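# A look at the structure
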Amino acid sequence: MKLRDLSDLAVRNLREAILRNSLTTVGVAVGVASLVAMVSLGVGLQLLASQRLTKSGLFDAVFVTSRRDFRGPGGAAPRRNAGQQSGQAAQSENAKPLDEDARAALAKLPDVNEVYPQVRFLTEVHFGGNTYTTNVLGLPQSSRGSGAFDGMTGAYFSSPMVNEAILQVEFAKDLSPNPKELVGKDMVLRYGERKAASAEEIANEKDIDKQMDEMLTGGVTIVPREKKLRIAGIIESDPSAGVGGFGGGRVFLPLGTAEQLHPAQPSDVQELVRGSGKQSYTALTVKVKSPKDVLKVEAAIKKMGFTAFSLLDAAQGLRLVFRVFDIFLALFGSLALAVASLGIINTLVMAILERRREIGVFKALGATDSDVKRLFFAEAGAMGLFGGVLGVALGWFIGQALNWGTTIYLRRQELPGVNISSVPWWLALLAILFSVLVSLAAGLYPAARAAQLNPVEALRYE
Amino acid sequence: MPRALLDEARGFYFGAEIQAVKDTSLLKRITIVLTFMADQAKLIQAENVSRQYVLGETAIRAVNDVSLAVQAGEFLALLGSSGSGKSTLLSMLAGLDRPTSGAIHVSGQNLAELDSVELARYRRETVGMVFQSFNLLPRMTLEENVELPLRLAEVERDERNGRVTDALERVGLGARRRHRPSELSGGEQQRGALARALVNRPTILFADEPTGNLDSVNGEHILKLLKEIQGSMGMTIVMVTHERPLAERFANRMVVLSDGRVVSDGVLA
C-alpha cells in the first residue's frame, strides 16, 4: 500500500475512535510536555548562566600581568633582595614591564578587540558642601553590554571621553537620601595626579628645593587636582566585580576620561620604589572577539613574555555540570513519556481486538502482513506525531508560565526579570522525533500481533 | 492424467529440449498438446487436499483428501451440510488458508508453495471474495469500501474513481456510493461486497454463502448477478451454499461434500 493511502487510513481509523485515541494522544502530549518543560528549564538556566557569564566579560577576556609582579595561585612572591641571584629572581628582574608599549603590542594581536588597564584610584568627592572619600574606577566601553546597566537610573556614558560619572547606588545614597534626583547634577572629584618630569625638566628646574625633590623621587610627583563631572546615572549592581581585583568601585568614569586624569595608582608607588620613573600597569585586560579565541590569544600573550590567564577552563567545567543536569532532567521528563507509551500499547491492543474482523477483511482483499503492520505503525506514529506537536506546545506554555512566575517573583524582590526556561528549535524537533520513535516502539508489539492474525480466524470473529 | 505425461507435454508446449517429446510420432505429439491444453483449461486443480485442525488432543480433518478440478469460466457450487468442510475448502482455494497436505494449483502455481507475500498477491490480483456477512467496513462509505482493494493493489488514484464507478454501476449501486454500510439494506450490502470483489477484475470469484444472510428475493437477485457476471466477464465462480435449489438453478456444476470428502460431483444442465 502506498504511503499516502496508508496515512489516510491511519488517520481515518484514529478519527473513528476519537475519544480513546484523543485521550491516548493527550497522554503522549503530557509526556512530551513534561520532557520539554524539564529540558527547557535546563537549557534556560544554562542559557541564563552563560549569558550572565558572557556579559560579565570573564569568558572573553584574558588577564595579563607582568611576570615580575604576578603572584599566581601558590606562586612565590618575587624576591627582590640584592643578595638573591637565583635564576628565577634574575628572570623576574628581566621580565617585560606591562607599559604603554606592551599595551600597544597586545592590541595588535589577532582576534583582540580591546586592551584596557585597570584604572582605580582613591578620591574625594565634593557634593552639596560635603566631602566623601571613595574609590573611582574607569570602565571600558565594552562594559556597557555587561548587563550591569540594565534597568539603571539615568543613562550610560554619552561618549568614551565625556566628563560624566555613574554612581553605585549605595554611594549615591550617601550623597542624597533620594538618589534618583542626583542624575544630571554636577559633583567635583579631588584626586592626586601623577606627574613625571623628564631628566631635562629636572635639570632646568630653577627652584633648588623642587629640583632636589624631583631628583629624589625619580621625577615622579603627585599633584592635587579637581575635576567637575556630571552624574549620568545610578546603578544597582557592580559592573566591575570579577577577577583581577576590579571590584570595589563606587564611582565609575569612562576609561578614557579616567586615563586622561593620570591619577596616582598603587603601581606608581611600585615604580617609584624601583626608580624607573616610567608608568606601567599592574594588569591589563585583553578582550577577545569570541570565547573560542581565548586560548589562542592566551598562548600568544604568554609567548610575548607576560603572565596570562582566563576563566575558560572553569566555563568548560560548568558546561559539563549543565550537560549532566540536562540529562537528569531529560530522564526525569521521559518517565511521563514512558508511561504514555503504555497507553499507546493499550489503545492499539484494544484496537486489534475490536478490528479483528477488519484485519481479516484486509487480508482477504490482498493486504500483506507488512501492510497490516505498517497500518498499525502509522496509527502509533500519528499518535506520536500529534502528541509530540501538542506536547511541545504544552511544554512551551509551561516554560512561559515558569518564566512569567519567576519574573513576577523577582520584580517583587525589586530584581530584573529573567527567562529560566527556553525551548530552542532543536529541542522542539527532537521532542517530536522522540515522541514518534517512542510511539513506534510502543506500536511494535500490537502491529506484529495484528500482522500475524490468521485471516480465516479473523473473519470468523464476531 | 499421469504426471509424467503432463510434464512432458508442458516441456513440448513451451519448446523445451525434451528428448522424449522429440522422438515421438506426430500423432502422439498432437495427443500430448491436446492433453496439455485440456489441462490448462483447468483453472483450479486441487490434488489430495487435506486440512486438519488440532483441538486439544483431538485431530479433526475438516477436509479429507479432496481432489477437484475447476474449469475456467465454470460456475461451481459447493454444497454440504454444516461442518462438511466446504468453507474450509473454499478458504484454501482462495488462498486464505493452507492445506495440511496436498497441492492446489491455480493457473499453474501451487498455492501451498507460495510464501505469505505471494499468497497475498494471489488474493489481490487473481481472486475476488464475497462473504455471507458482507464484511463491508462500517467506518467507510460504500465507494471507500469498493476502493480498498485498489488501494492495496497500489492502483493510481486517477484510475480508481472510474473503476469504482464501473463496479458499483454493474451491481446497480451507482447512486448509493456515498452511503455507509449501515445505511444500506442486506441485499445492497451484498451487492456492494460483490462490487468490491469485482473492482480488481479477478479471474476467480469465491463466494462463501453469499445468500446466507439474505431473504429469498435478494438471494435470487445476487445469484442472478453472479450468473450475469460469469457470462459477461467470463469469470470462474466457486460458491459455497447450502441452498440446493438455488445452486441447481444458477450453477453449471455441483460438488457435494460430507465429512470433508467429495461425495458427488455432477454437471448441471
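The structure this text deals with has already been given above.
Everything quoted here is computed from the prediction, not taken from an experiment.

Another aspect to go through is the overall build of chain A. On a plain count of helices and strands, chain A comes out with 15 helices and 11 strands. Buried residues in chain A amount to 39% of all 462 residues. Long-range contacts, defined here as pairs at least 24 residues apart, represent 84% of the contacts in chain A between residues at least 6 apart.

Scanning chain B from N- to C-terminus turns up 10 helices and 10 strands. For chain B, with 269 residues in total, the buried portion stands at 40%.

What follows concerns the environment of Val321 of chain A. For Val321 of chain A, the position within the fold is in helix 11 (residues 312-354). Each C-alpha atom of the pair Val321 of chain A and Gln46 of chain A lies 9.6 Å from the other, and the pair is 275 residues apart in sequence.

Taken together, the contacts link 17 residues of chain A with 20 residues of chain B. Looking at the side of chain A that touches chain B, the elements with two or more residues in it are helix 1 (3-16), helix 12 (356-364), helix 13 (369-412) and helix 15 (455-460) of chain A.

Moving on: the nonpolar core. Membership of the largest hydrophobic core comes to 123 residues, with the highest contact counts inside it found for Val36 of chain A together with Leu78, Leu93, Phe206 and Val238 of chain B. Looking at this core, the element that brings in the most residues is helix 2 (residues 18-55) of chain A, giving 12 residues. Aside from chain neighbours lying at most four places away, what touches Val238 of chain B is Val70, Leu76, Leu78, Leu90, Leu93, Ile204 and Phe206 of chain B. With 48 residues, the next largest nonpolar core counts Leu106, Ala165, Val286 and Ala308 of chain A among its residues.

Two faces belong to every sheet, and in a regular strand the side chains alternate between them. Residues and elements named next belong to chain A. Of all 5 residues that make up strand 6 (residues 164-168), 5 are buried, and the element is covered over most of its length. What you see with strand 6 is no split at all: Glu164, Ile166 and Gln168 on one side and Ala165 and Leu167 on the other are buried throughout. One ladder, built from 2 bridges, connects strand 6 with strand 9 (residues 251-254); its direction is antiparallel. Its bridge partner being in strand 9, Leu167 is matched across the sheet by Val251.

What follows concerns the sheet that holds strand 2 (residues 112-117) of chain A. Residues and elements named next belong to chain A. Within the open sheet, the 4 strands sit side by side as 2-10-1-11. Their pairing is antiparallel. The open sheet has two free edges, formed respectively by strand 2 and strand 11 (306-309), since each of these has just one partner strand. On average, each strand axis in the sheet is tilted by 25° relative to the strand beside it, whichever way the strands run. By the bridge criterion, 5 bridges tie strand 2 to strand 10 (residues 283-288) in an arrangement that is antiparallel. Considered in strand 10, the bridge of Val115 is made with Val286. Across the sheet, helix 4 (residues 100-107) is in contact with strand 1 (61-66), strand 2 and strand 10; its angle to strand 2 comes to roughly 160°.

What follows deals with the environment of Glu124 of chain A. All names here are of chain A. For Glu124, the position within the fold is in strand 3 (residues 120-127). Counting along the chain gives 67 residues from Glu124 to Tyr191, while the straight-line C-alpha distance between them is 6.6 Å. With residues near it in sequence (within four places) discarded, Glu124 still touches Thr131, Tyr132, Thr133 and Arg190.

Here helix 13 of chain A spans 63 Å end to end across 44 residues, near enough to the 64 Å set by a 1.5 Å rise per residue. Phi turns positive, to about 60°, at Glu414 of chain A, one or two residues after helix 13 of chain A.

Moving on, we get to the sheet that holds strand 1 (residues 42-55) of chain B. All names here are of chain B. Spatially, the 4 strands line up as an open sheet ordered 2-1-4-5, and their pairing is antiparallel. Unpaired on one side and paired on the other, strand 2 (58-71) and strand 5 (109-110) mark the two borders of the sheet. Bridging between strand 1 and strand 2 involves 10 bridges; their strand directions are antiparallel. Considered in strand 2, the bridge of Leu55 is made with Thr58. Each of strand 1, strand 2 and strand 4 (101-106) touches helix 4 (residues 86-93); the most contacted strand, strand 1, lies at about 120° to it.

Procedures and definitions
Residues numbered from 1 in each chain as written. Chains lettered and ligands numbered in written order. Predicted model: local features only at pLDDT ≥ 70, side-chain atom pairs only at ≥ 80, totals over all residues. Helix = DSSP H or I, 4+ residues; strand = E, 2+ residues; numbered from the N terminus. Buried ≥ 20, exposed ≤ 12 C-beta atoms within 10 Å, placed from the backbone. Contact = placed C-beta atoms within 7 Å. Core = buried A, V, L, I, M, F, W, Y, C linked by C-beta atoms within 7 Å. Pairing = 2+ DSSP bridges. Axes fitted to C-alpha atoms, helices over the stretch in contact; angles between N-to-C directions. Expected span 1.5 Å × (residues − 1).

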